[in-house]
Amino acid sequence: MTNLPAITSRDPLRRGFVALPWAVACGMLTYAFIAGGYFVTVMSFAMIYAVFVIGLNIFMGTAGQVSFGHNAFAALSGYTSAVLTATYYWEPIAAFAAGLALALLVALVVGWPTLRLKGHYLAMATLAIGLIVYEIATQWQSVTQGYMGISGISPLAFWGYEIVSERGKLFALVLIVLLASLAAARLRASRFGRALAAIAGSEDAARALGIDVAHYKLAAFLVSAAYAALAGSLFVHVVEFVSPEVFGLHMVVLAFTMLYVGGIGTLGGPILGAVIVSLLPEMFRGFKDYQDLFYGAGLIILLIYAPKGLAALSDLLPRKGRA
Amino acid sequence: MPDLSYLPQIALSGIAVGCIYGLIGIGFCVIYNASGIVNFAQGAFVMMGGMIAYSVLNTLGLPLPIAAAVTIVAVAAAGVAIERVVVRPLWDRKATMFVMILATLAAQIVIERLALIVAGDQPKTLPQFTDLPPIRLGVVVISYQFLWIVGVSLLLIVLLGQFFKRTKAGKAMRACAFNREAASLQGINVSRMLALSFALSAALGAVAGVLITPTQYTAFNVGVPFAISGFIAAIVGGFGRPLGAFMGGIMLGLTQSMAIVAFGAGLKNVAALSVLLIFLFIRPGGILGEAK
């Protein structure tokens, strides 16, 4: 991979600094496989969030846009999966396809007018989309059962092969995250990805180079919505339960924290951020009420003091040799 | 089809809650004009207004007017604290608008969670300011709280107008809204104006919170819906125009109370958010057009 130039550096200290968070992340995943039990669940959540954050990173990190409302697409797909498998006994794959289609349709319809907005208008419009979907999930009781939530959702299954064990689920999720990350890396290196990076740099300059800015922004929005939809469906199948809180504002703040911890705009950042941030509440067990408090406060501190996240850890070291 | 004779009554309750949205919307405008920042923690001030007034009233046993005054001062101090701890460091580092929005949204959640931990999740309410039976005018019943809400809101608007027109600080803030660089060249301390705008905006939010709590309730999580309604009010009125925000608030309050009658109370937030999206998509400059 070419995304971590510092890892090829000859300075062993710097190399170690860059590798440290990755060592922690890989160590935690390995530990989860060996130890099993509750820790597997923690890492499974981390992997589901990683999918969501990888998508968000394409829209925000690569294309330089803003969305506070991607939880809407996770909710749409998650609820579709939940209702179709729990009430109508669909296959999980078919239900996910339906959820994905619905999420993409909504993203297309809402994205078109939304993405013409800028700055705080764009931020507020996307926030509103997320909140509207959340409100509907709490109010449309005949379908979503409101705050009670839907239980009895079928477990994760691929072409009839059901994954029952917790370790098996985690293994499948790790595979999905690697595939999702690989796809994001390919996308970033493609013509499409370069166009998005150009838009992030300067919309006017990108337009001057012949890039159809509006179309590319919408495409990036749809791609990231698809990732969000995948995360939403994975969540309901892994937990086998869904309620509106799962996809509330909490999800947005958590995802942003992960994105900023890992390093926005980097390829590995989302995975790194998801694993590290998921570990935090485990360190503060017994402080369940304090979770969102720590996430919020941590996010503020990161935004102020380390806006590049762990991926830029080596920048803290004084540079030797080359000026 | 609901009974249409209720309509004037519904309109009155819409106006009352609309005044509250208007005050919150003005709070958005005050900070935006002074600094170009959109403070997404605005709802926290409203929530704190109700919650602090409740605890001052019930634990310290102070009379309501004093409790309200203490609350407003405390929330204004909280506003300055947010400015110092969250906004100022980012401002000094020239953070992008998006980072500023994200940070203030995170501040909102931190305050919300603190309130949950300190005060618990039970809804709280304040007594009516004037404990007299409501006034009957034909089919319409006017409660004294309605008069308090409308009266105090109008008074505040007049006072704010005078503040911006006559006082030195008010004029300086208007100069910042016009052009921050030119203002600082004139010797105006722009960064002090930032702190002042947060104090003023927080105080407005606190007043809104104290006024509205007797008619409904307050809890740790009322902030975000209030902030969004206030933001909608500011957008509808043309962002950055305090008077427009107040009018926008009343329009939103009326729309929302009609929506409650037509679709039920459950969808009132969906109705408000839909109004927001329609405005953003069709006319993001609001009815009067954005300030400047």
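All values reported here derive from a predicted model rather than from experimental measurement.

1. Topic: the overall build of chain A
Here is step 1: Along its length, chain A carries 13 helices and four strands.
Here is step 2: In chain A, which comprises 323 residues, the share counted as buried stands at 54%.
Here is step 3: Put simply, 75% of the contacts in chain A that link residues at least 6 apart link residues at least 24 apart.
Here is step 4: Surface accessibility of chain A: about 14500 Å² in total, with carbon and sulfur atoms responsible for 67%.

2. Regarding the overall build of chain B
Here is step 1: When helices and strands are tallied, chain B shows 11 helices and two strands.
Here is step 2: Counting from the amino terminus, chain B carries its helices and strands in the arrangement α-α-α-α-β-β-α-α-α-α-α-α-α.
Here is step 3: Its C-alpha atoms give chain B a radius of gyration of 19 Å, within 12% of the compact-globule value 19 Å for 292 residues.
Here is step 4: With respect to the three principal axes, the spread of C-alpha positions in chain B is 60 × 50 × 35 Å.
Here is step 5: Across the 292 residues in chain B, those meeting the buried criterion constitute 54%.
Here is step 6: Total accessible area on chain B is roughly 12500 Å²; 68% of this is exposed by carbon and sulfur atoms.

3. Remarks on the confidence of the model for chain A
Residues and elements named next belong to chain A.
Here is step 1: Residues at a pLDDT of 70 or more form 89% of chain A, whose mean pLDDT is 84.
Here is step 2: Summarising per-element confidence for chain A, the mean pLDDT is lowest in helix α1 (residues 12-35) (77) and highest in helix α10 (residues 213-239) (94).
Here is step 3: Scored below 50 in pLDDT, residues 1-8 shows seven contacts in the model against residues more than four places distant or in partner chains.

4. Quick notes on the pattern of salt bridges
Here is step 1: One pass over the full model with this rule turns up eight salt bridges over all chains.
Here is step 2: With a closest N to O distance of 2.6 Å, Arg88 of chain B and Glu83 of chain B form a salt bridge.

5. Concerning the packing of aromatic side chains
Working definition: an aromatic ring pair is given by the centre-to-centre distance plus the angle between the planes.
Here is step 1: As enumerated under the stated definition, the model contains 21 aromatic pairs over all chains in all.
Here is step 2: An angle of 65° between the planes, with centres 6.4 Å apart, marks the rings of Phe235 of chain A and Phe247 of chain A as edge-to-face. Taken together, the residues span a long stretch of sequence, with Phe235 of chain A in helix α10 and Phe247 of chain A in the loop between β4 (241-242) and α11 (249-262) at a distance of 12 residues.
Here is step 3: Overall, Phe235 of chain A belongs to the buried group, its relative accessible area being 12%.
Here is step 4: Between Phe163 of chain B and Phe164 of chain B, the aromatic rings sit 5.3 Å apart at their centres with planes inclined by 65°, giving edge-to-face as the arrangement.

6. Here we look at the packing of helix α1 (residues 7-35) of chain B against helix α9 (residues 223-236) of chain B
Two quantities define a packed helix pair, namely the angle between the helix axes and the distance between the axes.
Residues and elements named next belong to chain B.
Here is step 1: Two elements in contact, α1 and α9, have axes whose closest approach is 7 Å; the angle formed by their N-to-C orientations is 75°. The angle between α1 and α9 places the two elements in the roughly perpendicular class. Here α1 contributes Ile20, Tyr21, Ile24, Gly25, Phe28 and Cys29 to the contact with α9, which in turn contributes Phe226, Ala227, Ser229, Gly230, Phe231, Ala233 and Ala234.
Here is step 2: Class assignment of the residues belonging to the contact of α1 with α9 gives a composition of 10 nonpolar, three polar and no charged.

7. Brief notes about the nonpolar core
Here is step 1: Ranked by size, the top nonpolar core spans 195 residues in total, and within it Met43, Met47, Phe68, Phe247 and Phe256 of chain A together with Phe98 and Phe239 of chain B carry the most contacts.
Here is step 2: Here this core gets 17 residues from one element, more than from any other, and that element is helix α2 (residues 38-62) of chain A.
Here is step 3: Residues contacting Phe247 of chain A, with those up to four places away along its chain left out, are Asn71, Ala74, Ala75, Gly78, Tyr79, Tyr134, Gly232, Val236 and Val242 of chain A.
Here is step 4: Ala53, Leu57, Ala67 and Ala68 of chain B belong to the second largest nonpolar core, which has eight residues in total.

8. Section: empty space enclosed by the protein
Over the atoms rolls a probe the size of a water molecule, and its path tells where empty space is left.
Here is step 1: Enumeration according to the criterion identifies six cavities of 30 Å³ or more in this entry.
Here is step 2: Estimated volume of the second largest cavity: approximately 70 Å³.
Here is step 3: The wall of the second largest cavity is formed by Met124 and Leu127 of chain A together with Phe28, Phe40, Leu105, Gln108, Val224, Ala227 and Ile228 of chain B.
Here is step 4: Secondary structure elements with two or more residues in the lining of the second largest cavity: α5 (119-139) of chain A together with α4 (97-119) and α9 of chain B.
Here is step 5: Element by element, the count of residues in the lining of the second largest cavity is highest for α9 of chain B, at three residues.
Here is step 6: Residue composition of the lining of the second largest cavity, grouped by class: eight nonpolar, one polar and no charged.

9. Looking at helix α8 (residues 190-212) of chain B
What sets the pattern is the α-helix's 3.6 residues per turn: residues three or four places apart point alike.
Here is step 1: With 23 residues, α8 of chain B ought to run about 33 Å at 1.5 Å a step, and its terminal C-alpha atoms sit 33 Å apart, in line with that.
Here is step 2: α8 of chain B sits mainly inside the fold: 19 of its 23 residues count as buried.

10. Comments concerning the side chain of Ser229 of chain B
Residue and element names in this part refer to chain B.
Here is step 1: Position of Ser229 relative to the elements: it lies in helix α9.
Here is step 2: By relative accessible area, which is 5% here, Ser229 ends up buried.
Here is step 3: Ignoring sequence-local partners within four residues, the contact set of Ser229 consists of Tyr21, Leu252 and Gln256.

11. A few points about the environment of Gln162 of chain B
Here is step 1: Its location among the elements puts Gln162 of chain B in helix α5 (residues 144-166).
Here is step 2: A sequence separation of 37 residues divides Gln162 of chain B from Thr125 of chain B, and the C-alpha atoms of the two residues are 33 Å apart.

12. Things to note about the interface of chain B and chain A
Here is step 1: Each partner contributes residues to the interface: chain B has 39 residues there, and chain A has 37 residues.
Here is step 2: Of all residues in chain B, the largest losses of buried area upon contact with chain A belong to Phe98, Leu102 and Phe281 of chain B, amounting jointly to 18% of the total for that side.
Here is step 3: If you look at where chain B meets chain A, you find zero salt bridges.
Here is step 4: Viewed at the interface, chain A and chain B are joined by three residue pairs in polar contact (both at pLDDT 80 or more).

13. Concerning a nonpolar patch on the surface
All names here are of chain B.
Here is step 1: Nonpolar side chains collect at one region of the surface, where Met247, Met251, Ile287 and Leu288 lie side by side and expose about 360 Å² of accessible area between them.
Here is step 2: Note that Met247 resides in helix α10 (residues 242-263).
Here is step 3: A relative accessible area of 47% places Met247 in the partly exposed class.

14. A short note on the layout of surface pockets
Here is step 1: When its volume is computed, the second largest pocket comes out at roughly 580 Å³.
Here is step 2: Mapped onto the lining of the second largest pocket, the elements with two or more residues apiece are α5, α8 (191-201) and α13 (291-305) of chain A together with α4 of chain B.
Here is step 3: For the lining of the second largest pocket, the element with the highest residue contribution is α4 of chain B, accounting for four residues.
Here is step 4: Residues of the lining of the second largest pocket, tallied by class, amount to 17 nonpolar, four polar and six charged.

Basis of the calculations
- Residues numbered from 1 in each chain as written.
- Chains lettered and ligands numbered in written order.
- Predicted model: local features only at pLDDT ≥ 70, side-chain atom pairs only at ≥ 80, totals over all residues.
- Heavy atoms only, no water.
- Helix = DSSP H or I, 4+ residues; strand = E, 2+ residues; numbered from the N terminus.
- Buried < 20%, exposed > 50% of the residue type's maximum accessible area, 1.4 Å probe, protein only.
- Contact = heavy atoms within 4.5 Å.
- Areas by Shrake-Rupley, 256 points an atom, 1.4 Å probe, with all protein chains shown as cover.
- Rg over C-alpha atoms; globule rule 2.2 N^0.38 Å.
- pLDDT = per-residue confidence, 0-100.
- Salt bridge = Lys/Arg side-chain N within 4 Å of Asp/Glu carboxyl O.
- Phe/Tyr/Trp six-rings, centres within 6.5 Å; stacked < 30°, edge-to-face > 60°.
- Axes fitted to C-alpha atoms, helices over the stretch in contact; angles between N-to-C directions.
- Parallel < 35°, antiparallel > 145°, perpendicular 65-115°, else oblique.
- Nonpolar A, V, L, I, M, F, W, Y, C, P; charged D, E, K, R; others polar.
- Core = buried A, V, L, I, M, F, W, Y, C linked by side-chain atoms within 4.5 Å.
- 1 Å grid on protein atoms, 1.4 Å probe; cavity = no way out; pocket = protein on both sides within 12 Å on 5 of 7 lines; lining within 4 Å.
- Points joined across faces, edges and corners; volume = space filled by probe spheres on them.
- Expected span 1.5 Å × (residues − 1).
- Buried area = accessible area lost by both parts, 1.4 Å probe.
- Polar contact = N/O pair within 3.5 Å; in protein donor to acceptor, adjacent residues only side chain to side chain.
- Patch = residues over 30% accessible without salt bridge, like charges linked within 9 Å, V, L, I, M, F, W, Y side chains within 5 Å.

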